[in-house]
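Take a look at the letters that make up each chain.
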Amino acid sequence: MGDHVFSAASVGGINIYTPLVAANCLSISGAGQAHSGTAMSGNYTGSTPADHPFTIEDGTWTGCTEQFGTPLDFTVVGEWRFTTEDAAVTTSTTDVVAGTVDNIRLNVLDSSGTGLCDFSITGSAAATFDENTQRLAIRETTLDGSLFIEDVAGNCLGQVADGDPVDLDFSYALNIPDGPLNIS
């Protein structure tokens, strides 16, 4: 078992929705660690790398704006963890593995300098990892409360409030120099 550093870049659109606000970004670049070994499926239960196939530990979100054009700064906080209990995972290198990205925290700042609306997005999001393309797709699109707003600062013109659910929709292409990740 070992850890393998990877880089990641977004592929396609990056969309964020709350009940009253939509935002998007032009691109995301990131980094993390993939963990090799057996028994990679399973929920994260501690610091043992075998409990989760990979983590995203850094990210730079660029060109982010909300629907009215206000620029936003997104900052990844902590270590996002991909976990899975997908019973359909095989030793094949072509599985599309269903799972969850846990421990999400994104700090969002109104970068116009007004401080009118700053907040955090926290929680977990539905995701899949395609072993063939080495892409992670985060698709939390149900506004079901698994991902939500907290720590709102400023009045946000009444558009964003603590507890509001959030949709997050984007894909990351992982580049692992040591070779592709096979979750088995």
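Residues numbered from 1 in each chain as written. Predicted model: local features only at pLDDT ≥ 70, side-chain atom pairs only at ≥ 80, totals over all residues. Heavy atoms only, no water.

*Asks:* Looking at this structure, how should I read unusual backbone geometry?
*Replies:* Most of the time, phi is negative for any residue but glycine, and the peptide bond is trans. Although it is not a glycine, Asn 103 adopts a positive phi angle of roughly 65 degrees. Structurally, Asn 103 is set in strand β8 (residues 96–110). Since its relative accessible area comes to 36%, Asn 103 is described here as partly exposed. (Helix = DSSP H or I, 4+ residues; strand = E, 2+ residues; numbered from the N terminus. Buried < 20%, exposed > 50% of the residue type's maximum accessible area, 1.4 Å probe, protein only.)

*Asks:* What am I meant to see in the layout of surface pockets here?
*Replies:* Regions of empty space are outlined by a rolling probe, equal in size to a water molecule, passed over the atoms. What the largest pocket holds in volume is close to 320 Å³. If you go around the largest pocket, you meet 20 residues; those closest to its centre are Val 21, Glu 66, Leu 72, Cys 117 and Val 160. Broken down by secondary-structure element, the contributors of at least two residues to the lining of the largest pocket are β2 (22–25) and β6 (72–76). (1 Å grid on protein atoms, 1.4 Å probe; cavity = no way out; pocket = protein on both sides within 12 Å on 5 of 7 lines; lining within 4 Å. Points joined across faces, edges and corners; volume = space filled by probe spheres on them.)

*Asks:* Looking at this structure, how should I read the pairing of strand β1 (residues 3–17)?
*Replies:* For a regular strand, side chains alternate in direction, first toward one face of the sheet and then toward the other. Bridge count between β1 and strand β3 (residues 27–35): seven bridges; the pairing is antiparallel. Across the sheet, the residue bridging to Ala 8 is Gly 30, located in β3. Here β1 pairs with strand β12 (residues 167–175) via eight bridges, running antiparallel. If you follow Ser 10 over to β12, its bridge partner there is Tyr 172. When β1 meets β2, the two strands line up antiparallel, connected through four bridges. What sits directly across from Tyr 17, in β2, is Ala 22. (Pairing = 2+ DSSP bridges.)

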